[in-house]
Amino acid sequence: MKRKCKILISSKNGKKAIYLDEENSAEIYAYLTRDNRHKKKFKFISEIILEGHKVPDVYDKEEINSKCKDVTAMKFFKGQDNDRIYCKEIHTLTGTHIVVAAILYEKKKTQKLNKEQIAIIEKVGGYDYEV
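Every value quoted in this text rests on a predicted model; they were computed, and no experiment measured them.

A. Inspection of helix α2 (residues 36-51) at higher detail. Its 16 residues place the ends of α2 22 Å apart at the C-alpha level, agreeing with the 22 Å of an ideal helix rising 1.5 Å per residue. Of all the residues in α2, the buried ones are His-38, Phe-42, Ile-45, Ser-46, Ile-48, Ile-49 and Leu-50. Capping of α2 at its N-terminal end is provided by Asp-35; its side-chain oxygen lies 3.1 Å from the backbone amide nitrogen of Arg-37. Phi turns positive one or two residues past the end of α2, at Gly-52, with a value near 75 degrees.

Written out as structure tokens, the structure reads:
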């Protein structure tokens, strides 16, 4: 079954965009707009994504096995709260690169991934989005 998503922000040229998973959009949006600190960090991360830069400390692949193809993570406050938004990257037929913010995971406590986090990443890897 295809999951639905809705656009949050796109690049000036329209070639890249960030969407929210509709099922989890309220929780993710509330997190992104929680306070000025969260808003600033999301603005920083979204600019990196939309401009096509590589900054692994704030946005990186989470491809830990074959079930996790195209899964990435937005990394908020690394070394502090260490929150994550796990995302699925997709490409449309028209060539648009879309990052779908799928699942919020707050307070990651370890550097390595635990079973719960691996299960979440694999779950996101299995998502098929309708754009």
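B. Broad picture of helix α3 (residues 115-125). Among all positions in α3, only Gln-117, Ile-120, Ile-121, Val-124 and Gly-125 are buried. Looking straight down α3, one finds its buried side chains confined to an arc of 140 degrees; they lie on one side. Its buried side turned inward, α3 meets β4 (71-76), β5 (83-91) and β6 (97-105). The opening residue of α3, the one whose side-chain oxygen lies 3.0 Å from the backbone nitrogen of Glu-116, is Asn-114.

C. Highlighting the sheet that holds β5. Taken together, 7 strands build an open sheet; the order of strands is β3-β4-β5-β6-β2-β1-β7 and the sheet is mixed. Unpaired on one side and paired on the other, β3 (59-61) and β7 (129-130) mark the two borders of the sheet. Lying over the sheet, α2 contacts β1 (3-10), β2 (16-21), β3, β4, β5 and β6, oriented at roughly 145 degrees with respect to β4.

D. View of the pairing of β2. Across the 6 residues that make up β2, a large majority, 5, are buried. Pairing geometry for β1 and β2, over 5 bridges, is antiparallel. Paired with Ser-10 across the two strands is Ala-17, which belongs to β2. Turn length for the β1-β2 hairpin, with the two strands adjacent in sequence and antiparallel, is 5 residues, and the turn residue Gly-14 shows positive phi of about 75 degrees.

E. Just the side chain of Arg-3, in detail. Position of Arg-3 relative to the elements: it lies in strand β1. Polar side-chain contacts of Arg-3 include one of 2.8 Å to the side chain of Asp-21. Residue contacts for Arg-3: discarding those within four places in its chain leaves Asp-21, Glu-23, Asn-24, Tyr-127, Asp-128, Tyr-129 and Glu-130.

F. The arrangement of the packing of aromatic side chains in detail. What the rule picks out here adds up to 4 aromatic pairs. Consider the rings of Tyr-31 and Phe-76, whose centres lie 5.2 Å apart with planes at 90 degrees: the pair is edge-to-face. Taken together, the residues span a long stretch of sequence, with Tyr-31 in helix α1 (residues 25-32) and Phe-76 in strand β4 at a distance of 45 residues. For the pair formed by Tyr-31 and Phe-76, the shared burial category is buried. Both rings, one in Phe-76 and one in Phe-77, keep their centres 6.1 Å apart while their planes meet at 55 degrees; by these two values the pair is tilted. Considered together, Phe-76 and Phe-77 belong to a single accessibility category, that of buried residues. Every member of this aromatic cluster is reached through a ring pair, and the members are Tyr-31, Phe-76 and Phe-77. The lysine or arginine in question, Arg-3, covers the ring of Tyr-127, its NZ or CZ lying 3.8 Å from the ring centre. The aromatic ring of Phe-77 is capped on one face by Arg-37, whose charged end is 3.6 Å from the ring centroid.

Thresholds applied
- Residues numbered from 1 in each chain as written.
- Predicted model: local features only at pLDDT ≥ 70, side-chain atom pairs only at ≥ 80, totals over all residues.
- Heavy atoms only, no water.
- Helix = DSSP H or I, 4+ residues; strand = E, 2+ residues; numbered from the N terminus.
- Expected span 1.5 Å × (residues − 1).
- Buried < 20%, exposed > 50% of the residue type's maximum accessible area, 1.4 Å probe, protein only.
- Polar contact = N/O pair within 3.5 Å; in protein donor to acceptor, adjacent residues only side chain to side chain.
- Arc of directions from axis to C-beta.
- Contact = heavy atoms within 4.5 Å.
- Pairing = 2+ DSSP bridges.
- Axes fitted to C-alpha atoms, helices over the stretch in contact; angles between N-to-C directions.
- Phe/Tyr/Trp six-rings, centres within 6.5 Å; stacked < 30°, edge-to-face > 60°.
- Lys NZ or Arg CZ within 6 Å of the ring centre and 35° of its normal.

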